[in-house]
Amino acid sequence: MTAVPLPAAEKTPLERFLSLFADVHRGESGRLLLLTLNVFLILTAYYVMKPAREALILAQPGGAEIKSYSMALQALLLVFIVPAYGALAGRLARSRLINIVTAFFIGCLPLFYLAAEARWHVGVPFFLWIGIFSLMVIAQFWAYANDLYRPEAGKRLFAVIAFGASSGAVFGAWISGHLIGELGVHAMLLVAAVILAGSLALFNLIDSRERAQAADAARGKQAPIGDGSAFALVLKNRYLLLIAALVLLLNWVNATGEYVLSSIVQRAAEERVAAGTLTREEEGAFIGAFYSDYFQVVNIVGMVLQLFLVSRIVKLVGVHVAVCVLPLVALGSYAVAALLPSLAVVRWVKTAENSVDYSLQNTVKQMLFLPTTREEKYKAKQVTDSLMVRAGDVLSSATVFVGSSVLALSTSQFAWINVVLVMAWLAVAVLVGREFRRKTEALRVGSA
């Protein structure tokens, strides 16, 4: 049942507080806060594990190269895992699907911990595992949120839920930074398992609450999701194909941009060593300090945008226009980086791109699935949010390999490649926005 907006005086104090950040109606705060806390826990667990991922894979000989190759292997694995997830979704009710998949990932963590403590080489398996976890479980959460909200409500409230993800990432990194020195790298896996178990318990609380409040509708949503193929759902639907292309191009551009930044940072460190202002032993500390500060600024700016601007931008211009904001930011950013390829310039254009990506773009990407069917939410979303993300990374790796090893391109030339890619991305974003508007209008007319 869609909540009916009432005058602000009739809202609870909590609802009036939340209305500072989004258009929250009477009776919506309970579900909204529980979902926000749920995704907060999921992202906290992920960012607790990320330092362990880096330590496990980079500690072995050739770790940096192995890490790069493992990204491509993740994409290959998802070609098989996504259809398997779709088959499972076709046989299980919504709550059982989420419980089984999440419990599987939780159960893997103590096994990785024991293997790492026994000094087994788990760097690559864990890197593959966490890459799949970070995409599939988060996509599954957003499929569930899309299932609970109608398009009108989702467009108003997803910005608050996405703030849970942004703050969870910051909090998880903070926890890891404080605990890893005390407990050790391997223990972070057990800490993450406990946090994920809490998120699963919270999901079941949310789901039981939903069933209690709308028993008839909930029973319908507990039926198996459908028996269609995840890939077939995307291939036969123009809207889903456009979303897949959007995600592919976004990640292709972003990953290539990260290479541009990395190469400039590395060159800046080498120039300081050559100039005698930095010793060779201090080079790693210089790079580490740069990225620590860079990530902190990106996360803080992203959180501020998420909390104060995202819901207002979506309300002001609509999802169909908001989906074009990030490619426009990226277009200007990489054009500036191509003309002025200095460390200071590239740092701030990447800060602008990533902060908008982590806030507005991430929220809008979830909203795009509001006018889709339940089967498309759970199955097709795994294709777009998992496989297409890694496919974009693979295309970026290929671009970097050809550009650096074969063509010997400069960082400025890589930035120009991104300018071209962003133009294609912007064109796809316009088409996605038009389709979203058409679908939501059709739903509105149909429910009138």
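Counting of residues starts from 1 at the beginning of each chain's written sequence and follows it residue by residue. Restriction of local features to residues with pLDDT of at least 70 applies here, the model being predicted, together with a cutoff of 80 or more for giving and counting side-chain atom pairs; totals for whole chains, interfaces and linings are based on all residues. Side-chain metrics rest on all non-hydrogen atoms present in the structure, leaving aside hydrogens and water.

1. Here's the deal with the overall build of the protein chain
Note the cut-off: Each helix is a run of DSSP H or I of at least 4 residues and each strand a run of E of at least 2, with the numbering of both proceeding from the N terminus. Exposure categories follow from relative accessible area, calculated using a 1.4 Å probe and restricted to protein chains: below 20% of the type maximum is buried, above 50% is exposed, and the middle band is partly exposed. By definition, residues are in contact when any of their heavy atoms lie within 4.5 Å.
When helices and strands are tallied, the protein chain shows 17 helices and zero strands. Out of the 448 residues in the protein chain, the part that is buried amounts to 52%. Sequence separation of at least 24 residues holds for 81% of the intrachain contacts in the protein chain that already meet a minimum separation of 6.

2. Digging into the side chain of Thr 256
Tracing the sequence through the fold places Thr 256 in helix H10 (residues 238-275). Thr 256 gets classed as buried once you look at its relative accessible area, which sits at 0%. Ignoring anything within four residues of it in the chain, the contact list for Thr 256 reads Ser 396, Phe 414 and Asn 418.

3. Focus on H10
In plain terms, the rule: Expected helix span is given by 1.5 Å per residue-to-residue step, counting one fewer step than there are residues. Residues adjacent in sequence count toward polar contacts only when both atoms are side-chain atoms; beyond that, a polar contact is any pair of N or O atoms within 3.5 Å, and within protein one must be able to donate a hydrogen and the other to accept it.
An ideal rise of 1.5 Å per residue puts 56 Å on 38 residues; H10 measures up with 55 Å between its terminal C-alpha atoms. Two to three positions downstream of the cap, the backbone nitrogen of Tyr 239 sits 2.9 Å from a side-chain oxygen, assigning the N-cap of H10 to Asn 237. Immediately beyond the C-terminal end of H10, within one or two residues, lies Gly 276, with a positive phi of roughly 85°.

4. What to know about the packing of aromatic side chains
Keep this limit in mind: The rule is short: rings of Phe, Tyr and Trp, with Trp giving its six-membered ring, pair when the centres are within 6.5 Å, and they are stacked under 30 degrees, edge-to-face over 60, tilted in between. By definition here, charges over rings are those cases where NZ of Lys or CZ of Arg is within 6 Å of the ring centre and within 35 degrees of the ring normal.
Per the counting criterion, the structure on display carries 17 aromatic pairs. Here the aromatic rings of Tyr 149 and Phe 158 are separated by 6.0 Å at their centres, their planes lie at 80°, and the arrangement is edge-to-face. Judged by centre distance (5.9 Å) and plane angle (15°), the ring pair of Phe 171 and Trp 174 falls under stacked. Of the two residues, Phe 171 and Trp 174 both sit in helix H6 (residues 151-183), three residues apart, roughly one turn of that helix. According to the relative accessible area criterion, Phe 171 is partly exposed, its value standing at 35%. Judged by its relative accessible area of 48%, Trp 174 falls in the partly exposed class. Within the aromatic cluster, the residues linked to one another by ring pairs are Phe 104, Phe 105, Phe 112, Phe 126, Trp 129 and Phe 133. Over the ring of Tyr 149 we find Arg 31; its NZ or CZ atom is 4.8 Å from the centre of that ring.

5. Side note on unusual backbone geometry
Excluding glycine, residues mostly have negative phi values, and the peptide bonds linking residues are mostly trans. The phi dihedral of Arg 119 is positive, around 65°, even though this residue is not glycine. In this structure, Arg 119 sits in the loop between helix H4 (94-117) and helix H5 (123-148). Positive phi, close to 55°, is recorded for Ala 408, a residue that is not glycine. Considering the arrangement of structural elements, one finds Ala 408 in the loop between helix H16 (374-406) and helix H17 (411-447).

6. Digging into the packing of H10 against helix H15 (residues 343-367)
When two helices pack together, their arrangement is captured by the angle between the axes and the distance separating the axes. Here is the rule: The convention used is that axes are lines fitted to C-alpha atoms, helices contributing only their stretch in contact, and that angles between N-to-C directions extend from 0 to 180 degrees. An angle counts as roughly parallel when it lies under 35 degrees, as roughly antiparallel when it exceeds 145, as roughly perpendicular when it falls between 65 and 115, and as oblique in every other case. Put simply, a crossing is left-handed when the front helix is turned counterclockwise from the back one by less than a right angle, and right-handed when it is turned clockwise. Three classes are used, and their members are as follows: Ala, Val, Leu, Ile, Met, Phe, Trp, Tyr, Cys and Pro are nonpolar, Asp, Glu, Lys and Arg are charged, and the others, Gly among them, are polar.
Close contact between H10 and H15 brings their axes to 10 Å; oriented N to C, the two are set at 155°. With respect to H15, the axis of H10 lies roughly antiparallel. Between H10 and H15 the crossing geometry is left-handed. Residue-level contacts link Leu 246, Val 247, Leu 250, Val 253, Asn 254, Gly 257, Glu 258, Val 260, Leu 261, Ile 264, Val 265 and Ala 268 of H10 to Leu 343, Val 346, Arg 347, Lys 350, Glu 353, Asn 354, Asp 357, Gln 361 and Lys 365 of H15. Residues belonging to the contact of H10 with H15 are distributed by class as follows: 11 nonpolar, four polar and six charged.

7. Thoughts on a nonpolar patch on the surface
Inclusion rule: In this analysis, a patch consists of residues with relative accessible area above 30% that form no salt bridge, clustered at 9 Å for like charges and at 5 Å for the nonpolar side chains Val, Leu, Ile, Met, Phe, Trp and Tyr. All accessibility values rest on the Shrake-Rupley procedure with a 1.4 Å probe; residue burial counts only the protein chains present in the view. Think of a salt bridge as a Lys or Arg side-chain nitrogen and an Asp or Glu carboxyl oxygen that are within 4 Å of each other.
Where nonpolar side chains cluster on the molecular surface, the patch consists of Leu 73, Leu 76, Leu 77, Val 79 and Phe 80 and spans about 430 Å² of accessible area. For Phe 80, the position within the fold is in helix H3 (residues 63-91). What makes Phe 80 exposed here is its relative accessible area of 59%.

8. A look at the confidence of the model for the protein chain
Just so we agree on the cut-off: Each residue carries a pLDDT score, the predictor's own confidence in it, on a scale running from 0 to 100.
Scored by pLDDT, the protein chain comes out at a mean of 86, with 89% of its residues at no less than 70. Averaged pLDDT values over the elements of the protein chain bottom out at 51 in helix H8 (residues 215-221) and peak at 95 in helix H13 (residues 319-322).

9. Some remarks on the packing of H6 against helix H7 (residues 187-213)
The contact between H6 and H7 brings their axes to 9 Å, and the two run at 130°. Here H7 runs oblique to H6, going by the angle between their axes. From H6, Ser 176, Leu 179, Ile 180 and Leu 183 reach across to H7, where they touch Ala 187, Met 188 and Val 191. Residues that form the contact of H6 with H7 fall into these classes: six nonpolar, one polar and no charged.

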